Amino acid sequence: MKTSARNQFEGRVTALKTGAVNDEVEITTAQGVKIVAIVTHESAVGLGLALGKAAVALVKAPSVIVVTDGGGVRFSARNNLAGTVARVQAGAVNAEVVIDVPGGVSVAAIVTQDSADRLGLAVGKPATALFKASSVIVGVPA
């Protein structure tokens, strides 16, 4: 599958909570990374989502928030992937940050260059990628 989404997490549906309007879907990659998505119930039915079904979670890089020191703060974002900064591509306005997460998974984020500087983002620095479950797009093999 080719998409413009920088973050593609292939795995299987490992949890599914059905609601009247929205469903909560958990997709677990082969590396054990869990991604939670919120999709409409109609979409879940249309995709045939069920436990064990192959699925991919897509997250666009601008939807990812980077945190370097949570300071004990809890976040409402369901997806929190802690790792290490692997790459920072500086730009005039924005920077691309890639965080390597244990298990061989990487997460790309687009943040303002000002934020990258303020956070002191650099290769080897611990960082966490946060994104809301409602920012995840779910796809299944055709």
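See above for the structure.
Definitions and limits used
- For every chain, the first residue of the written sequence is number 1, and numbering continues from 1 along that sequence.
- Confidence filtering applies because this is a predicted model: local features only for residues at pLDDT of at least 70, side-chain atom pairs given and counted only at 80 or more, and all residues used for totals across whole chains, interfaces and linings.
- Excluded from the side-chain calculations are hydrogens and water; all other atoms, namely the structure's heavy atoms, are used.
- Note on terminology: a nonpolar core comprises buried Ala, Val, Leu, Ile, Met, Phe, Trp, Tyr and Cys residues joined through side-chain atoms within 4.5 Å.
- Exposure classes here rest on a 1.4 Å probe applied to the protein chains alone. A residue is buried below 20% of its type maximum, exposed above 50%, and partly exposed in between.
- For helices the rule is a DSSP run of H or I covering at least 4 residues; for strands it is a run of E covering at least 2, with both sets numbered from the N terminus onward.
- Should any heavy atoms of two residues lie within 4.5 Å, those residues are counted as being in contact.
- Any N or O atom pair separated by 3.5 Å or less is treated as a polar contact, with the protein-specific requirement of one donor-capable and one acceptor-capable atom, and with residues adjacent in sequence counted only for side-chain atom pairs.
- In this analysis, strands are considered paired if DSSP registers two or more bridges between them.
- Comment: axis = line fitted to C-alpha atoms, over the contacting stretch for helices; angle = value between 0 and 180 degrees taken between N-to-C directions.

Asker: Explain the nonpolar core here, please?
Answerer: General note: in soluble globular proteins, nonpolar side chains tend to be found buried as a group. Core analysis: the largest hydrophobic core is formed by 32 residues, its most contacted members being F9, I35, L81, F131, V136 and V138. Breaking this core down by element, the ones donating at least two residues are β1 (7–17), β2 (22–29), β3 (34–40), β4 (54–59), β6 (79–89), β7 (94–101), β8 (105–112) and β9 (126–131).

Asker: Which parts of the structure should I look at to understand the environment of V98?
Answerer: Checked against the element boundaries, V98 lands in strand β7. Classification of V98 by relative accessible area gives buried; the value is 9%. In this structure the C-alpha to C-alpha distance between V98 and T28, which are 70 residues apart in sequence, comes to 20 Å. Other than its neighbours up to four places away in sequence, V98 contacts T84, V85, A86, R87, S106, V107 and A108.

Asker: Explanation requested: the side chain of E26 in the structure shown.
Answerer: Counting through the fold element by element, E26 comes out in strand β2. A distance of 2.6 Å separates a polar atom in the side chain of E26 from a polar atom in the side chain of T14. Every residue in contact with E26, bar those within four places of it in the chain, is listed here: R12, V13, T14, A15, K34, I35 and V36.

Asker: Looking at this model, I keep getting lost on the sheet that holds β9. Mind explaining?
Answerer: Strand-to-strand pairing in sheets goes through backbone hydrogen bonds, with the strands running parallel or antiparallel. Read across the open sheet, the 5 strands follow the order β5-β9-β6-β7-β8; overall the sheet is antiparallel. Unpaired on one side and paired on the other, β5 (65–67) and β8 mark the two borders of the sheet. Across the sheet, the axes of successive neighbouring strands diverge by a mean angle of 45°, strand direction being ignored. Strand direction decides the pairing type here: β6 and β7, joined by 5 bridges, are antiparallel.

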